[in-house]
Amino acid sequence: MPRQKLDSTAIAEKLAAVASWDIDAGETALDKTFKFKDFSEAFGFMARAALVAEKLDHHPEWKNVYNKVDVRLTTHDAGGLTGLDFDLAVAMDRIAASTGGKTAG
């Protein structure tokens with residue numbers, strides 16, 4: 001079953017829960033860079049986030065360089081943002097907070 005793309009009103013409502021994430025100009029993706037103490041902490045975050053992503057059947061675009069993890073969330077089959085992107089963003093924020101992660105700035 002295709003996932004339902006959110007309209008601008010729904011996206012604006014959901015952004016309050018993920019205020020530390022950036023949204024692209026076309027409202028098609030959420031982006032965030034997490035920074036950790038070291039590689040081990042960053043990799044631990046990715047491992048925990050991967051378990052949540054698998055449970056949601058919704059997988060991030062991400063890369064890791066030493067202590068930073070760049071994340072981009074979008075729902076390709078919907079052509080933009082869905083509720084799953086926001087659910088995963090909230091979960092990733094919670095995981096990062098519990099492992100000492102910060103938003104890179």
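Calculation rules
Residues numbered from 1 in each chain as written. Predicted model: local features only at pLDDT ≥ 70, side-chain atom pairs only at ≥ 80, totals over all residues. Heavy atoms only, no water. Helix = DSSP H or I, 4+ residues; strand = E, 2+ residues; numbered from the N terminus. Buried < 20%, exposed > 50% of the residue type's maximum accessible area, 1.4 Å probe, protein only. Contact = heavy atoms within 4.5 Å. Areas by Shrake-Rupley, 256 points an atom, 1.4 Å probe, with all protein chains shown as cover. Lys, Arg positive; Asp, Glu negative; His and termini not counted. Charge placed at Lys NZ, Arg CZ, Asp CG, Glu CD. Core = buried A, V, L, I, M, F, W, Y, C linked by side-chain atoms within 4.5 Å. Salt bridge = Lys/Arg side-chain N within 4 Å of Asp/Glu carboxyl O. Phe/Tyr/Trp six-rings, centres within 6.5 Å; stacked < 30°, edge-to-face > 60°. Polar contact = N/O pair within 3.5 Å; in protein donor to acceptor, adjacent residues only side chain to side chain. Pairing = 2+ DSSP bridges. Patch = residues over 30% accessible without salt bridge, like charges linked within 9 Å, V, L, I, M, F, W, Y side chains within 5 Å.

Draft legend 1. Expanded view of the overall build of the chain. For the chain, the count of helices and strands is three helices and five strands. Its C-alpha atoms give the chain principal-axis dimensions of about 40 × 30 × 20 Å. Burial statistics for the chain: of 105 residues in total, 39% are counted as buried. Across the chain, every contact between residues at least 6 apart in sequence was considered, and the portion connecting residues at least 24 apart equals 71%. Summing over all exposed atoms, the chain offers an accessible surface of approximately 5,900 Å²; the carbon and sulfur share of this is 55%. Within the chain, the 16 negative side-chain charges are centred at a point lying 7 Å from the centre of the 13 positive side-chain charges.

Draft legend 2. Looking closely at the nonpolar core. Residues W21, F34, F45, L73 and M92 are the most contacted members of the largest nonpolar core, which totals 23 residues. Of all the elements in the fold, those that place two or more residues in this core are α1 (8-15), β2 (30-35), α2 (39-56), β4 (68-73) and α3 (83-98). Take this core: its biggest share by element is six residues, from α3. What M92 contacts, discounting residues up to four positions off in sequence, is W21, F34, F45, A49, P60, W62, V71 and L73.

Draft legend 3. Summary view of the pattern of salt bridges. Tallied over the full model, the rule gives four salt bridges. Between R3 and D57 there is a salt bridge whose closest N-O contact spans 3.5 Å. Separated by 54 residues along the polypeptide, R3 in the segment before α1 and D57 in the loop between α2 and β3 (61-65) bring together distant segments of the chain. Exposure remark for R3: the relative accessible area of 25% places this residue in the partly exposed category.

Draft legend 4. Quick look at the packing of aromatic side chains. Across all of its chains, the model carries five aromatic pairs by this definition. The interplanar angle of 25° and the centroid separation of 6.4 Å between the aromatic rings of F34 and F36 together place this pair among those described as stacked. Ring geometry for F36 and F45: centres 5.0 Å apart, planes at 35°, overall tilted. According to the relative accessible area criterion, F36 is buried, its value standing at 3%.

Draft legend 5. Representation of the side chain of H58 in the model. If you trace the backbone, H58 turns up in the loop between α2 and β3. Here D85 takes part through its side chain, which lies 2.6 Å from a polar atom of the side chain of H58.

Draft legend 6. Just the pairing of β3, in detail. Where β3 and β4 come together, five bridges link them in antiparallel fashion. Considered in β4, the bridge of N64 is made with V69. In this structure, the hairpin formed by β3 and β4 is closed by a connection of two residues, where Y66 is found at a positive phi of approximately 50°.

Draft legend 7. Structural detail: a nonpolar patch on the surface. On the surface, a cluster of nonpolar side chains totalling about 440 Å² of accessible area is made up of F39, F43, V65 and Y66. Take Y66: it is sitting in the loop between β3 and β4.

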